Amino acid sequence: MKAFFRNLTILSLLLGMFASCSKDDDHVAEKKGAGKTAILLVTFGSSYPEPAKTFQNMEDNVKKAYPEADITWAFTSHIIRNILIKRGEGKFKDIDSPEEAMKKLKEQGYEKIAVQSLHVIPGSEFNDLKGKVDAFKAANPNIKMTLGNPLMNTDEDMKSLVDVMVKKFQADDQTVVMMGHGTEHAANDRYTRVNNFFKAANEDFIVGTVEATPGIKEVKEAAALRPSKNILLMPLMSVAGDHANNDMAGEDADSWKSQLEAAGFTVTPRLKGLGDYNEVVAIWVKHLKVAVDALK
Ligand code: CO
């Protein structure tokens, strides 16, 4: 009899272990991804409140296109991730790097992952991401993974963007100046090319970059040739973050707003990112579609 109760105790202990084991995070997480497609959205990131809303809008558009997929995020900027994690609140309070996010998706059991770059050009950041995706694929041959192109990859993409922006913002007595980021990478050619496409569509639209060429000097020269003295100033970036708030619209003498005002223009800054416009997000989603289709 004693042995019976002892065995019963051992049995219930064992059952208890199984019960707690099935509640274990790993096991629940494994089920989460099984048979599902994950979409990993990757951007530089921002710690500003408005860009968080822009990212949400981009996610809402992706969700509309892929209601069945699980959507997750990664920010490439180490500094921004640290700010957000330290702040400890909001949607991105435990934001991952691309490597961390890919590792988590693997642990959760996803076998199909579409990574979508939310970058504007295929510059260094996009190519860094591509390297990380390629390394992950090589190390995990049983996981299908694809990478969607950034916004302005091809001439066709740029023409689509030009169409959207001209339709949205052309107005009488107004020049539209857009501030892109700019880079030392060869993909900086996108800014010159998109500027030419804008010029061909509507000469009142001018593109410059904050960190490369064409710069504010070229923008001022082009704006001086336009009939209007009114400038609508906006970022040609995914979000209106630090560059848009400070380098573009800031009160310092060297901001684009101040420099254009000093040149005699009346400047109205518009602090919205490209990700705030659903028609522009549609171009990113089109690239995502190529990535998702390639998972099949
Ligand atoms: Co920058």
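Everything here concerns the structure above.
For clarity, every value in this text was computed on a predicted model and none was experimentally measured.

A.B. asks: Hey, could you run me through the coordination of the cobalt ion in this one?
C.D. replies: Of the protein atoms, only His-181 (NE2) and His-243 (NE2) coordinate the cobalt ion, at distances of 2.1 Å. Placement of His-181 in the loop between β5 (175–180) and α8 (189–201) and of His-243 in helix α10 (residues 242–248) is noted, with a sequence separation of 62 residues between them. For His-181, a relative accessible area of 29% corresponds to the partly exposed category.

A.B. asks: Help me out: how do you make sense of the nonpolar core in this one?
C.D. replies: Ranked by internal contacts, the top residues of the largest apolar core, which has 50 residues, are Met-152, Leu-161, Met-165 and Leu-274. Ranked by residues supplied to this core, first place goes to helix α12 (residues 278–293) with 8 residues. Once residues within four sequence positions are removed from consideration, Met-152 is found in contact with Val-120, Ile-121, Pro-122, Asp-157, Met-158, Leu-161, Arg-190, Tyr-191, Val-194 and Leu-236.

A.B. asks: What should I look at first to understand the pairing of strand β4 (residues 144–148) in this one?
C.D. replies: Along any regular strand the residues' side chains alternate between the sheet's two faces. Sheet topology places strand β3 (residues 112–117) next to β4; 5 bridges connect them, and they run parallel. Bridging across to β4, Gln-116 finds its partner in Gly-148. This β-α-β element, β3 to helix α6 (residues 124–139) to β4, shows right-handed connectivity.

A.B. asks: Got a minute to help me understand the pattern of salt bridges in this structure?
C.D. replies: Any two side chains of opposite charge can pair, given that their charged atoms come close. Counting across every chain of the model gives 18 salt bridges. As a salt-bridge pair, Glu-221 and Lys-217 come within 3.3 Å of each other at their nearest N and O atoms. Separated by 4 residues within a single helix, Glu-221 and Lys-217 lie in helix α9 (residues 216–224), roughly one turn from each other. We classify Glu-221 as partly exposed; its relative accessible area is 44%. Put simply, Lys-289 and Asp-293 hold a salt bridge, and the shortest N to O gap is 2.8 Å. Pair noted here: Lys-289 and Asp-293 are both in helix α12, with a separation of 4 residues, about one helical turn. Assessed through its relative accessible area of 44%, Lys-289 is described here as partly exposed. Each of Asp-155, Asp-189, Arg-190 and Arg-193 takes part in one network of salt bridges that share partners.

Definitions and cut-offs
Residues numbered from 1 in each chain as written. Predicted model: local features only at pLDDT ≥ 70, side-chain atom pairs only at ≥ 80, totals over all residues. Heavy atoms only, no water. Donors = N, O, S within 2.8 Å, 3.2 Å for Na, K, Ca; no water. Helix = DSSP H or I, 4+ residues; strand = E, 2+ residues; numbered from the N terminus. Buried < 20%, exposed > 50% of the residue type's maximum accessible area, 1.4 Å probe, protein only. Core = buried A, V, L, I, M, F, W, Y, C linked by side-chain atoms within 4.5 Å. Contact = heavy atoms within 4.5 Å. Pairing = 2+ DSSP bridges. Right-handed = clockwise from strand over helix to strand, strands pointing away. Salt bridge = Lys/Arg side-chain N within 4 Å of Asp/Glu carboxyl O.

Any functional reading would require information beyond the geometric quantities listed.
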